[in-house]
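Geometric and topological summary
Here is what each chain is made of, one letter per residue.
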Amino acid sequence: MEEGRSTIPPDILTEVDGNGPSKQPSRRSRSLPTEESGGHSQNTKPQGSTDSVTGLDEYPMTYPRRGHAVIFNNYWFAEHSLRDGTDTDVVNLQRTLGMLGFKVTVHKDLTAPEMEVKMKELARDDHSNADCFFAVFLSHGAEGGIFGKIGFSRYDALTGDFHRGDICKTLVGKPKIFIIQACRGNESEEAVAVSPPPPDDGYGEIETDGPTVAAGSDILYAFASGSGSAAFRSPEHGSWFIQTLCQYMCDYADSSSMDFQRILTKVSQQVSTEFACNNTTSGHHNRKQAPTVETTFTKLLYLRPKAKTRKPKYFQ
């Protein structure tokens, strides 16, 4: 077992963040973060510099404020099951994002129209003196969107204004991050053996059409699961995805080499390999979850703390 992490007992059940509950035990989880005093002295790379290996620039994190982090936490639904464990995710996120310098706001049990109105207001806010914007959605979901306590919101209705420079003027050129802990369907990932890579035959280049560019730039979506797939959550420990994301955002807060996309890759590796359902009476027995990322980032993002702060620490 890795230091600072604990195994969920076999009688702890997980639920699916879709249209209803599913009783599957999760394989592993982590404890909640606690706070300890301490500085951040490991990072020596100046913010806004260029990566020496990739040649990519970093997003400058030198504005007076880190920015606004908004959490939409939906627990109660008129037509779906309660999302037990979601408040644990909120605690983890508040501590982690607060440590990184974000001003954190939590909205609980909003309807779909209320979430859409709030996101439109946030896109029009003045972010002139902020580094970036961060939003988290914790809810039941389906392909293309998430449920409010009443109603369903498509992602384009929630985040569409953040793609438009004429509306979201003060975030142009700045990173905009959207984290989604919700199902994207009812399927789950099959557990399969990993094959070794084939030998290099010297024909690694594949000819493709020219690159395409998304309508909005500097935007990242991190989903708890792949398209059409379920996302799992422990009523006691919170969701697999948010637990792991908060863990690694804390672990690499001072890093000069682990940018946010590398952290998300490590999150995906951990969730897809170290967690599994093992309820033999369930259709999800031994099934996996594979987080996915969609991004139009043009630079590397490092969310290093802006000053010495009290850093969350995970413990056994």
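All of the points below concern the structure found in this document. (Residues numbered from 1 in each chain as written. Predicted model: local features only at pLDDT ≥ 70, side-chain atom pairs only at ≥ 80, totals over all residues. Heavy atoms only, no water.)

1. Concerning the overall build of the protein
Short version of the rule: The way it works is that DSSP assigns letters per residue, a run of H or I at least four long becomes a helix, a run of E at least two long becomes a strand, and they are numbered from the N terminus. Relative accessibility decides the category of a residue: with a 1.4 Å probe and only protein chains considered, values under 20% of the type maximum give buried, values over 50% give exposed, and everything between is partly exposed. Contacts are assigned to residue pairs with any non-hydrogen atoms lying within 4.5 Å of each other. Shrake-Rupley sampling with a 1.4 Å probe provides the accessible areas, and residues are treated as covered by the protein chains on show and by no other component.
Scanning the protein from N- to C-terminus turns up five helices and 16 strands. Put simply, the protein has 316 residues, and 51% of those count as buried. Counting only contacts in the protein whose residues sit at least 6 apart along the sequence, the fraction spanning at least 24 positions is 81%. Accessible surface computed for the protein: about 14800 Å², of which carbon and sulfur atoms make up 50%.

2. Observations concerning the sheet that holds strand S15 (residues 292–295)
Formally: Note on pairing: two strands pair once DSSP finds at least 2 bridges between them. Simply put, an axis is a line fit to the C-alpha atoms, just over the touching stretch for a helix, and the angle between two N-to-C directions goes from 0 to 180 degrees.
The sheet built from six strands is open, its strands ordered S6-S5-S7-S11-S12-S15 with mixed pairing. Edge positions in the sheet fall to strand S6 (103–108) and S15, since each has one partner strand and no second. Pairs of neighbouring strands in the sheet enclose a mean axial angle of 15°, with direction left out of account. Relative to S15, strand S12 (residues 219–223) runs antiparallel, the two sharing four bridges. Note that in S15 the partner of Phe-223 across the bridge is Thr-292. Its contacts with the sheet place helix H2 (residues 112–124) against strand S5 (65–73), S6, strand S7 (130–138) and strand S11 (176–181), and it is angled at close to 175° to S5.

3. Let's talk about H2
Rules: One less than the number of residues in a helix, times 1.5 Å, gives the span that helix is expected to have. Arc definition: it is the arc formed by the directions from the helix axis to the C-beta atoms.
When the terminal C-alpha atoms of H2 are compared, their 19 Å separation across 13 residues agrees well with the 18 Å that a helix rising 1.5 Å per residue should span. Taken as a whole, H2 has its buried residues at Ala-112, Met-115, Met-119, Leu-122 and Ala-123. End-on view of H2: buried residues confined to an arc of 100°, all on one side of the axis. Check the buried side of H2 and you find it contacts S5, S7, strand S9 (145–147), strand S10 (152–154), helix H3 (155–159) and S11.

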